[in-house]
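So you can see what is in the structure, the chains are spelled out below.
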Amino acid sequence: MSSEHSALAEAKGQPWSLARAARARGVVDNSEQGFACALGWHEETLDAFELARTRLAYGAWLRRIRRRVDARTQLRLAVESFDALGAVNWADQAAAELKATGETARRRVPSTADELTPQERQIAVLLADGNSIREAAARLFLSPKTVEYHLRKVYAKLGIHSRTELTTLLHRT
């Protein structure tokens, strides 16, 4: 299949088809040369999504052959590209691969705070201003468990893990 795909891509002679065929060769043949060739062809195209897919496949391959440091470079670039394109599922997949190398993806984009629901935003602001979960719950006529639930959602959406990070992020925006 790989040779048939490559033959069709060569017949087309287009950089985008040659890049995809080279990526397929890299995956099927376990060949770094295939991935390097694909990245070279991608330089002649404007398709950021396919470039990110190649970086993801290459990074995953590098991780599997235990070249974690090299893998991180490709995977970080893939996460950034997918995030910029709004390809959340692809970004999640690249972030999972990056995490498997021992590094976590910091996926904070400036618009992330805008993705909070009004309820989440209100809770985040109250907590960032120093209110306790109980105080925020009382002010919003919610149970503390409901506030905790929304706070977990806020942390996940913003890619943070603490009240300090929340305060820093919200006071910056």
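Residues numbered from 1 in each chain as written. Predicted model: local features only at pLDDT ≥ 70, side-chain atom pairs only at ≥ 80, totals over all residues. Heavy atoms only, no water.

**Section: the packing of helix H8 (residues 133-140) against helix H9 (residues 144-158)**
In contact at an axis separation of 8 Å, H8 and H9 are set at 105° when each is read in the N-to-C sense. Taken as axis vectors, H8 and H9 run roughly perpendicular relative to one another. Where H8 abuts H9, its residues Ile133, Arg134, Ala136 and Ala137 lie against Pro144, Val147, Glu148 and Leu151. When grouped by side-chain class, the residues that make up the contact of H8 with H9 number six nonpolar, no polar and two charged. (Axes fitted to C-alpha atoms, helices over the stretch in contact; angles between N-to-C directions. Helix = DSSP H or I, 4+ residues; strand = E, 2+ residues; numbered from the N terminus. Parallel < 35°, antiparallel > 145°, perpendicular 65-115°, else oblique. Contact = heavy atoms within 4.5 Å. Nonpolar A, V, L, I, M, F, W, Y, C, P; charged D, E, K, R; others polar.)

**A few points about the environment of Gly59**
Tracing the backbone through its elements, the reader meets Gly59 in helix H4 (residues 48-64). For Gly59 and Phe35, which are 24 residues apart along the polypeptide, the C-alpha to C-alpha distance reads 9.6 Å. Ignoring any residue separated from it by four or fewer positions in sequence, one finds Gly59 in contact with Ala71, Gln74 and Leu75.

**Describing the confidence of the model for the chain**
A low pLDDT score tells you not to read the predicted coordinates there in detail. Residues at a pLDDT of 70 or more form 86% of the chain, whose mean pLDDT is 83. Ranking the elements of the chain by mean pLDDT puts helix H1 (residues 2-12) last, at 60, and H8 first, at 92. (pLDDT = per-residue confidence, 0-100.)

**Regarding the packing of aromatic side chains**
A complete count under the given rule lists six aromatic pairs for this structure. Pairing Phe35 with Trp61 gives two aromatic rings, centres 5.7 Å apart and planes at 40°, and the pair type is tilted. In this pair, Phe35 sits in helix H3 (residues 32-42) while Trp61 sits in helix H4, placing the two residues 26 residues apart along the sequence. For Phe35, a relative accessible area of 1% corresponds to the buried category. (Phe/Tyr/Trp six-rings, centres within 6.5 Å; stacked < 30°, edge-to-face > 60°. Buried < 20%, exposed > 50% of the residue type's maximum accessible area, 1.4 Å probe, protein only.)

**A look at the pattern of salt bridges**
Summed over all chains, the structure comprises nine salt bridges. In this structure, the salt-bridge partner of Arg23 is Glu50, at a minimum N-O distance of 2.8 Å. Taken as a pair, Arg23 in helix H2 (residues 15-29) and Glu50 in helix H4 lie far apart in primary sequence, 27 residues in all. Taking relative accessible area as the criterion, Glu50 reaches 8% and is therefore assigned buried. When the shortest N-O distance is used, the salt bridge between Glu97 and Arg63 registers 2.7 Å. (Salt bridge = Lys/Arg side-chain N within 4 Å of Asp/Glu carboxyl O.)

**Here we look at the nonpolar core**
With 19 residues, the main nonpolar core has Leu127, Val147, Leu151, Val154, Leu158 and Leu166 as its most contacted residues. When contributions to this core are tallied by element, the ones reaching two or more residues are helix H7 (118-128), H8, H9 and helix H10 (163-172). Apart from residues no more than four positions distant in its own chain, Leu166 is found in contact with Ala124, Leu127, Ala128, Leu151, Val154, Tyr155, Leu158 and Ile160. One finds Tyr58, Leu62, Ala71 and Val79 within the second-largest nonpolar core, a separate group that totals 18 residues. (Core = buried A, V, L, I, M, F, W, Y, C linked by side-chain atoms within 4.5 Å.)

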